[in-house]
Amino acid sequence: MKKLQSKLTPDYDSKKFKQEIGKMLADRVIPKLTDKKRAKNPTTMETTDGTIEVSSDVAAWFLGPRGENVDLFSELVSIALNDHVFWRRNFHPTDPSPLTESMKRDEAYLDAVDLIKTEFYALLAQLKKSGPFASMRYQGHMTWDQTLPGMAGYFAAMLYNQNNVALEASPITTVLEVEACEDLCYMLGYQETSPKPWGHLTCGGSTANIEALWAARNLKFYPFSFRKGLTAANPTVAEQFTVNLPSGTSALLKDLDNWQILNLSVDEVLNLFNRAVVDYNVDQVTLNGAIEPYSLQNMGFLDFAQEFLTDSTVGDPVVLVPASKHYSLPKGAAILGLGAKNMHTVPLDIYGRMDVNELKTAIDDYLSGNTDDGKKHPIVTVVAVFGTTEEGNVDPLVEILNLQKAYRAANVDFAVHADCAWGGYFASLLRDDGTGGVPIAVSQYVIDQYQALGSTDTITIDPHKTGYLPYPAGALCYRNMAMRSLIAFEAPYINSDESDVPPEWSLGTYGIEGSKPGAAAAGVYLSHAAIPLNLQGYGKLMTLTAYNCKIFHWKLLEASRQETDFIVEPTPHWPESNQTKEESVKNFLNKLSGKTPQSILNDTTGTDLATLREAGADLNILTYAFNYKVNGTLVTDLDKVNALNERIYDRISLKADGRDIYNYKILVSTTSFYKDTYGEVFFEDYRKRLLGMTAVPASSSGAGEHIVVMRSTIMDPWITEDVDGKPFVDYIVAELFDIVREVVAEVVAEEAA
């Protein structure tokens, strides 16, 4: 039976249309991110009392907690709407209008207008019960206010209803998407290489993660298809064709066994087709036609395995992820047929990051056959998370890449994927435009990991998270553009015909989705244009939000010292030192005693900021739990402690029951750490700290193998909002502790009754 073959959509297949698009693009003069030069704006704004409150450019980037920039946003929306109407009226202006003034006076028209307004007002009333994301009191989920240029760009493009599935349906917003993703690639550390890096927008990080797994899976198996196709297309070349093994030694492709083929390096695999065409003069059309019937995409797993995966000593390919992985990764493994059982969860270390020692042990076991089935298992990819969903932690990418390098000496290799859905925009901290003036609020460890991002193969990043942009706007970036071809029905070969439109403008052929809103691309593009992806732009936002998270951590510890009936235990582990935890906390608080958030930033020596930088969360999510005391002693029953935290959360969580939001004083989210998921090292370390114990007894109910914690996602960039001369964060912590104090009193009274 003839199998279906994928064909490009007509607009991509038409050379004439591509040339027209190319001509249009040539007429556009848009500066690249690296070329943008701006007059230096004032970096601070003085309040009436002489203190520095907030960076003045940041103040222009958002609508504001109280809609302070409503006039500016209204102006932009009005301009966009009027300009769009002008555009409509000037497209063949002599055409007759189907909407006449007499129709607007008709009763049916007026009734329709009344219904629209009635339902619209009802919708507005319902929306007022939404989460107050723009408030500094909101620390719930991974969402906050949107940048003003992002909203304006989205609104303006929404009126044109562009669909970025094809150039013909989106001749402008497709270009904006490509340029916005070029900016992302540069910010993340992907350099201009050949083939160049490439990225595209998705509906979110889940889709991007699944696509990254899809590409890595297909890359792992592509050499089998290539070898078979090359033999059919040109047997002579197939006998001579050489490849470089990960160690750097050369070998004939025809002589490689299954294990060797499954361990070729990413760039070596992606260059196979190109080398056959360029170095061995094989006709690319003939070769592609010979390979296609044998591709995994075409054959399916069962036929492919029967044809190629015949070595009984080699088992299923595996994916290695940290215990803090996003749920999209096992979901992707299941969808792709890899099997969720072949997604190996690596336990966490005491810092809540992937334990590299455990990673090495797992890899060694898979390579040596120390597995349940006694087989060797190839590694498809290792995933490092930058900004874990639960804790906001950053995995040790530098050590992961060092491991990869070490295994290459043994002719073993795998892809590395960075899930930066949450933390991606923190990479802007590394791109200084030379004007300086912005401090860094994350630790040196975090900076080191971000500097290594350019060595990964794929990166997920969500503009609709720390890019502060409207949904849906996720993205996937490829270090090597050729890798995208592995999820399409084509060879990983980049045509450099200068008479044609550059291949990076083709979007619809690649990725999981079809239709995509051009408005999302316009919002991302305009936000990047107004807020550059460097230290002085988005880097300033990242510094401020990370700083506020550090401040919140500090204030929790400071307030906890004043309490006699309960404690708060943040999840972040203190940096390694000879001090006990209690000594570390005391020393930390003593260094910052009498300081204010603003005075720390104003300290020209940087000493106080350095103290904050190295403590607390990696980025801008802080998890913590409370424990209470009975007769002056901390409770050691984890079930009771979990019940306490669940009760606290019930009073500081947003309810989806239509209640009025105005009575909420602080809003957070919650999560649980499960021992069988996170691993014993992380779990027991935190349990001991929370319960104040050196030894941990069994749960009273036998069900205490999880720890309930609060999660504060702190995205607001406002350093302080003085109320009676105090930093506003002090009031937030005080109101939180009032609630905790109330709950603790109730629990203790109930237990005593």
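On a predicted model such as this, the values are computed, not experimentally measured, just so you know.

By size, the foremost hydrophobic cluster in this structure holds 203 residues, and its most contacted members are F226, Y425, F552, Y624, F626 and L736. Broken down by element, this core gets its largest block of residues, 13 residues, from helix 22 (residues 538-560).

Let's shift gears to the pairing of strand 8 (residues 343-346). Within a regular beta strand, the side chains point alternately toward one face of the sheet and then the other, so they alternate between its two faces. Taken together, the 4 bridges between strand 7 (residues 318-322) and strand 8 define a ladder with parallel strand orientation. Each residue of the ladder has a partner; that of P322, found in strand 8, is V346. Crossover connection from strand 7 via helix 17 (residues 328-335) to parallel strand 8: handedness right-handed.

Spatial ordering of the open sheet is given by 4-12-11-10-9-7-8, a layout of 7 strands whose pairing is mixed. Edge positions in the sheet fall to strand 4 (198-202) and strand 8, since each of these pairs with one other strand and no more. Averaged over all adjacent pairs, the angle separating strand axes in this sheet is 20°, with direction ignored. Across 4 bridges, the pairing between strand 11 (residues 458-461) and strand 12 (residues 474-478) is antiparallel. By the bridge assignment for strand 12, T458 is matched with Y478. Contacting strand 4, strand 11 and strand 12, helix 8 (residues 173-188) crosses the sheet at an angle of about 115° to strand 4.

One number sums up the size of the second largest pocket: a volume of about 750 Å³. Taken together, 21 residues form the lining of the second largest pocket, with P65, G131, P132, F133 and A134 sitting closest to its centre. In the lining of the second largest pocket, the residues fall into 10 nonpolar, 6 polar and 5 charged.

Turning our attention to the side chain of N480. Residue position: N480 is located in the loop between strand 12 and helix 21 (518-530). Its relative accessible area of 8% is what places N480 among the buried residues. Among the polar contacts made by the side chain of N480, one reaches the side chain of D267 at a distance of 3.2 Å. If near-sequence neighbours (up to four positions away) are discounted, N480 is found in contact with P195, K196, D267 and L270.

Relative to each other, helix 22 and helix 29 (residues 728-752) sit at 50°, their axes nearing to 10 Å. The angle between the axes of helix 22 and helix 29 places the two elements in the oblique class. Crossing of helix 22 against helix 29: the hand is right-handed. From helix 22, I551, F552, K555, L556, A559 and S560 reach across to helix 29, where they touch V729, D730, I732, V733, L736 and F737.

Let us now look at unusual backbone geometry. Across the chain, the bulk of peptide bonds are trans and the bulk of non-glycine residues have phi less than zero. The omega angle of the peptide bond from S194 to P195 is -5°, so this bond is cis rather than trans. Within the element layout of this structure, P195 appears in the loop between helix 8 and strand 4. In this chain, Y471 is followed by P472 through a cis amide linkage whose omega measures -5°. Relative to the elements of secondary structure, P472 occurs in the loop between strand 11 and strand 12. Despite not being glycine, N161 has its phi angle at roughly 50°, a positive value. Position of N161 among the secondary structure elements: in the loop between helix 7 (148-158) and helix 8. A positive phi is found at N411, a non-glycine position, where the angle reads about 60°. Note that N411 resides in the loop between helix 19 (397-408) and strand 10 (415-420).

With that settled, the discussion passes to the packing of aromatic side chains. Counted by the stated rule, this structure contains 30 aromatic pairs. Seen from their ring centres, F133 and Y138 are 4.9 Å apart, and the 70° between their planes marks the pair as edge-to-face. When its relative accessible area of 5% is taken as the criterion, Y138 is described as buried. Taking the centre distance of 5.8 Å and the plane angle of 35° together, the rings of F224 and F308 count as tilted. In this pair, F224 sits in helix 9 (residues 205-233) while F308 sits in helix 16 (residues 301-308), placing the two residues 84 residues apart along the sequence. For the pair F224 and F308, a shared accessibility class is recorded, and that class is buried. Every member of this aromatic cluster is reached through a ring pair, and the members are F221, F224, Y294, F301, F304 and F308. For the cation-ring pair, R353 lies above Y445, with the distance from its terminal atom to the ring centre recorded as 3.8 Å. The ring centre of W198 lies 4.5 Å from the NZ or CZ of R484, which sits over that ring.

Here we come to the confidence of the model for the protein. Low pLDDT means the predicted atomic positions in that stretch should not be read closely. Per-residue confidence for the protein averages 88 on the pLDDT scale, and 89% of its residues sit at or above 70. Mean pLDDT values over the elements of the protein span from 36, in strand 1 (residues 45-46), up to 98, in strand 11. With pLDDT under 50 throughout, residues 1-13 is counted as low confidence; its partners more than four residues away or in other chains account for 24 contacts. Confidence over residues 29-54 falls short of pLDDT 50; this stretch has 39 contacts with residues more than four positions distant or in other chains.

In this structure the tally under the stated criterion is 0 disulfides. Just so you know, C181 is unpaired, no disulfide at all, and the nearest cysteine sulfur is the one on C477, 5.8 Å from it. Not engaged in a disulfide, the cysteine C420 finds its nearest cysteine sulfur in C477; these two sulfurs lie 9.4 Å apart. The exposure class assigned to C420 is buried, which follows from its relative accessible area of 0%.

Calculation rules
- Residues numbered from 1 in each chain as written.
- Predicted model: local features only at pLDDT ≥ 70, side-chain atom pairs only at ≥ 80, totals over all residues.
- Heavy atoms only, no water.
- Core = buried A, V, L, I, M, F, W, Y, C linked by side-chain atoms within 4.5 Å.
- Buried < 20%, exposed > 50% of the residue type's maximum accessible area, 1.4 Å probe, protein only.
- Helix = DSSP H or I, 4+ residues; strand = E, 2+ residues; numbered from the N terminus.
- Pairing = 2+ DSSP bridges.
- Right-handed = clockwise from strand over helix to strand, strands pointing away.
- Axes fitted to C-alpha atoms, helices over the stretch in contact; angles between N-to-C directions.
- Contact = heavy atoms within 4.5 Å.
- 1 Å grid on protein atoms, 1.4 Å probe; cavity = no way out; pocket = protein on both sides within 12 Å on 5 of 7 lines; lining within 4 Å.
- Points joined across faces, edges and corners; volume = space filled by probe spheres on them.
- Nonpolar A, V, L, I, M, F, W, Y, C, P; charged D, E, K, R; others polar.
- Polar contact = N/O pair within 3.5 Å; in protein donor to acceptor, adjacent residues only side chain to side chain.
- Parallel < 35°, antiparallel > 145°, perpendicular 65-115°, else oblique.
- Left-handed = near helix turned anticlockwise from the far one by under 90°.
- Phe/Tyr/Trp six-rings, centres within 6.5 Å; stacked < 30°, edge-to-face > 60°.
- Lys NZ or Arg CZ within 6 Å of the ring centre and 35° of its normal.
- pLDDT = per-residue confidence, 0-100.
- Disulfide = S-S within 2.5 Å.

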